[in-house]
Amino acid sequence: MMDEKDLEEYHNIGKAIKKSEKYNYINGKQITDPETGKRVYEINSYRLPSVTTILGATKDQQFLKDWKAKVGENEAERIKNISSKRGTSMHKFLESYVTGVGYDDLTELGCQAKPMANKIMEVGLAPVDEYFGSEVTLHYPGLYAGQTDLVCLHNDLETIVDFKQANRPKKKEWIEDYYLQIAAYAMAHDYVYGSTIRQGVIMVCTPDLYYQEFRITDHELRTWKHKFLKRLDMYHELVHDEKEKAKVNMKEEDFK
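Residues numbered from 1 in each chain as written. Predicted model: local features only at pLDDT ≥ 70, side-chain atom pairs only at ≥ 80, totals over all residues. Heavy atoms only, no water.

Points about the overall build of the protein chain
Reasoning step 1: Per the secondary structure count, the protein chain includes seven helices and nine strands.
Reasoning step 2: For the protein chain, the proportion of its 256 residues judged to be buried stands at 44%.
Reasoning step 3: By sequence separation, contacts in the protein chain at least 24 residues apart represent 66% of the contacts at least 6 residues apart.
Reasoning step 4: For the protein chain, the computed accessible surface area is about 14,600 Å², with 50% contributed by carbon and sulfur atoms. (Helix = DSSP H or I, 4+ residues; strand = E, 2+ residues; numbered from the N terminus. Buried < 20%, exposed > 50% of the residue type's maximum accessible area, 1.4 Å probe, protein only. Contact = heavy atoms within 4.5 Å. Areas by Shrake-Rupley, 256 points an atom, 1.4 Å probe, with all protein chains shown as cover.)

What follows is the structure in structure tokens.
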């Protein structure tokens, strides 16, 4: 844990972000569905598929398959695990900065993640004067749920923010699923809380502290919402097909 001096130094990166109580967020619990083994959110006694599950099931996996074939399964898994742990640590540093709660990670990956988080605080969060929630669980009743990193006022626009770590700089065409995530969270927030989310911001940092920011507002955000709804339809078709296949298999078993 950070001491007071560390926390003071931490917040000297930028001005403290004020907490707004405008939205009273509903709590949700992330669990693994015992029937499917997939990640779901339990909210108000209902289980909803996660946004990442929906996008993962409907994504073209060819690029990932090609990459694994190039570097090998073991190396791919090693890189994936390192990236995941470093990303988790970076998110915790950022959450602690936003909420003003001390946190530190002295592991090797934590020491890589801390300056990455500092870069996002210094550059990415500079236009954020006020936040509504950090690590917020959002859901669209009956359809999906997920957790966004930050809901805030960014340049005076109500905004969904996602923090991302990357091993190398990103191109816009590589990160379509990031935009779809933002769009899904914006739709859920507007539906449940009566808000008007006008902007999504994706803040990316690499281990060598190269910072990138991808922003979508208004019309472009609406376009990504429509794209996400298409992926949601694809997901439900896949789930329906899986259930029908399971029924057929069960009937075949009955006659053996």
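Quick notes on the sheet that holds strand β7 (residues 157-165)
Reasoning step 1: With mixed pairing, six strands are arranged side by side in an open sheet as β1-β5-β6-β7-β8-β9. At either end of the open sheet lies a strand with only one pairing partner, and these are β1 (18-19) and β9 (211-217).
Reasoning step 2: Looking at chain direction, β7 and strand β8 (residues 199-205) are connected through seven bridges and run parallel. The partner of aspartate 162 across the bridge, within β8, is isoleucine 202. (Pairing = 2+ DSSP bridges.)

Considering the pairing of β7
Reasoning step 1: In terms of burial, β7 is largely enclosed, as nine of its nine residues are buried.
Reasoning step 2: In β7, alternate side chains face the same way, and those of Leu157, Thr159, Val161, Phe163 and Gln165 on one face and Glu158, Ile160, Asp162 and Lys164 on the other are all buried.
Reasoning step 3: In this sheet, β7 lies alongside strand β6 (residues 144-154) in antiparallel orientation, the contact comprising five bridges. In the sheet register, histidine 154 faces β7, and the bridge partner there is leucine 157.

All we've got here are geometric facts, nothing functional implied.
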